[in-house]
Amino acid sequence: MKDKDVAQYIKEERARQRRACNLIASENYVSADVLSALGSVFVNKYAEGYPAARYYGGNEVADKIELLAEERALALFTLSPKKWSVNVQPLSGSPANLAVYLALVPKGGKIMGMELASGGHLTHGQRVSVTGIIWRQIPYGVDKKTEWLNYDALEQLAKKESPDIIVAGFTAYPRKINFKKFRKIADACGAYLLVDMSHIAGLVAGGVHPSPFPYADIVTTTTHKTLRGPRAALIFSKKDSRNLPAKINKAVFPGLQGGPHMNQIASVAVALNEAAQPPFKAYVRQVIKNARILAQELQKNGFRIISGGTDTHLLLVDVWRGGSGIGGKEASERLETAGIIVNKNTIPFDTRPPKDPSGIRLGTAAETTCGKKEKDFKQIAARIARILKR
Ligand SMILES: *Cc1c(COP(=O)(O)O)cnc(C)c1O
């Protein structure tokens, strides 16, 4: 690279990533092939519109790559193109969710989504997000005692509020989600069911988390978390008499975006193919084993794990109560000084402010990509305990 300044920072960032013990639950490390497609000549191409219906010339190859990405996305989740459609153009998870609401929820309508403090995402109707400005959030949380979802309480809330759409799928909820129960709740109030599987998409693809597809109307996902692709997102919509795919496509373009990032789409296609190979199944199984061990070992060291453990790649540790008696801010800073990268996180019913909450969130997806196994995570747990209990 001729640009010495940028080349230097890329070198520094690569070294930082190699050095770090990365426990950020939403991050991962992509393959050289994913990276190479992302840095390919597709970056030069404008392709506003959809395959065979573009507003620019010269799109014969762009059409092929977009159709390939669509085909692979459906195949990865064993979806028939007769029953499901996928839009591979969303630039990231937040615009994907925004496109869904734009397509399906009238202005001022109600989005029933999990509140931020319990593990919901900003784009599930949170006040500071555009999704909470244009629409109104009907917030839900977890059960105060168990810290698990309480589906009966959700059904009562849904019947009382009659939301337009219910969002299932979270940013910091460590337990398996019962999509069948969410379907029943959506049916009880006539709402669409959107499953945002951003965090767990890789787990679903690898068969270690139940699939939302038998139950959801729409499924969104980022491609850069457990799915191990570039930063991007997908929107799957069910094909039936409601015409959902056409509404979604119109909302993505021209509703929300201009030209799709064709290099990103090429890279997504590579990642989807990687996730369809047998080693990916072994990878996600190891991700789960590692998370379970990490939770158990931290519990042995006296830490309180939210909800009592984890079924997925992530866990929330209450470092304030029953932990080390420090807040999440100090905990994450101390860990960073020791080379362990985590994020501070609110816990359900947190009594501390979001800037210095009671918890930290840990995930095993990135370090499992680097080859770490149970014995390594036992050591990581011991290191975390030593650093936080000083
Ligand atoms: C990460 C995430 C998003 C947003 O993705 P960005 O690519 O950061 O915009 C949306 N929903 C959930 C549940 C997520 O975890």
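Residues numbered from 1 in each chain as written. Predicted model: local features only at pLDDT ≥ 70, side-chain atom pairs only at ≥ 80, totals over all residues. Heavy atoms only, no water.

S.K.: For this particular structure, what's the right way to read the sheet that holds strand β11 (residues 304-305)?
M.R.: Sheet strands associate in pairs through backbone hydrogen bonding, adopting either a parallel or an antiparallel arrangement. Read across the sheet, four strands follow the order β11-β12-β15-β14 without closing on themselves; strand pairing throughout is antiparallel. Looking along the sheet, the strands with just one partner apiece sit at the ends: β11 and β14 (343-345). Each of β14 and β15 (359-363) touches helix α12 (residues 328-337); the most contacted strand, β15, lies at about 45° to it. (Pairing = 2+ DSSP bridges. Helix = DSSP H or I, 4+ residues; strand = E, 2+ residues; numbered from the N terminus. Contact = heavy atoms within 4.5 Å. Axes fitted to C-alpha atoms, helices over the stretch in contact; angles between N-to-C directions.)

S.K.: Mind showing me how you'd approach the packing of helix α3 (residues 60-76) against helix α10 (residues 262-275) here?
M.R.: Taken N-terminus to C-terminus, the directions of α3 and α10 make an angle of 35°; their axes are 9 Å apart at the nearest point. Pair α3 / α10 crosses with left-handed handedness. From α3, Ala62, Ile65, Glu66, Ala69, Arg72, Ala73 and Leu76 reach across to α10, where they touch Met262, Ile265, Ala266, Ala269, Val270, Leu272, Asn273 and Ala275. The class makeup of the residues in the contact of α3 with α10 is 12 nonpolar, one polar and two charged. (Left-handed = near helix turned anticlockwise from the far one by under 90°. Nonpolar A, V, L, I, M, F, W, Y, C, P; charged D, E, K, R; others polar.)

S.K.: Sorry if this is basic, but what is going on with a positive patch on the surface here?
M.R.: Together, Lys281, Arg285, Lys289 and Lys373 give the surface a local cluster of positive charge. Within the secondary structure layout, lysine 289 lies in helix α11 (residues 278-300). (Patch = residues over 30% accessible without salt bridge, like charges linked within 9 Å, V, L, I, M, F, W, Y side chains within 5 Å. Areas by Shrake-Rupley, 256 points an atom, 1.4 Å probe, with all protein chains shown as cover. Salt bridge = Lys/Arg side-chain N within 4 Å of Asp/Glu carboxyl O. Lys, Arg positive; Asp, Glu negative; His and termini not counted. Charge placed at Lys NZ, Arg CZ, Asp CG, Glu CD.)

S.K.: Teacher, can you tell me more about the site of the ligand here?
M.R.: Taken together, 13 residues form the shell around the ligand, and within it Ser92, Ser94, Asp196, His199 and Lys225 come nearest. The side chain of threonine 171 places a nitrogen or oxygen atom 3.4 Å from an oxygen atom of the ligand. Starting from 390 Å² of accessible surface for the ligand in isolation, the protein chains cover 86%. Ranked by the residues each element gives to the shell around the ligand, the list is headed by helix α4 (residues 93-104), at three residues. (Near = heavy atom within 4 Å. Polar contact = N/O pair within 3.5 Å; in protein donor to acceptor, adjacent residues only side chain to side chain.)

S.K.: How should the domain arrangement of the protein be read in this particular structure?
M.R.: For interface size, the figure often reported is the accessible area lost on association. Each assigned domain of the protein is listed here: domain 1 (14-30 + 283-388) and domain 2 (33-275). Counting each side, the surface lost to burial between domain 1 and domain 2 is near 2400 Å², with a carbon and sulfur contribution of 62%. Between the two partners, domain 1 and domain 2, sit two salt bridges. At the boundary of domain 1 and domain 2, one finds 15 residue pairs in polar contact (both at pLDDT 80 or more). Secondary structure elements with two or more residues in the side of domain 1 that touches domain 2: α11, β12 (314-318) and α13 (365-369). A per-element tally of the side of domain 1 that touches domain 2 places α11 first, with five residues. Tallied by class, the residues present in the side of domain 1 that touches domain 2 amount to 15 nonpolar, 11 polar and four charged. (Domains from an automatic or database assignment. Buried area = accessible area lost by both parts, 1.4 Å probe.)

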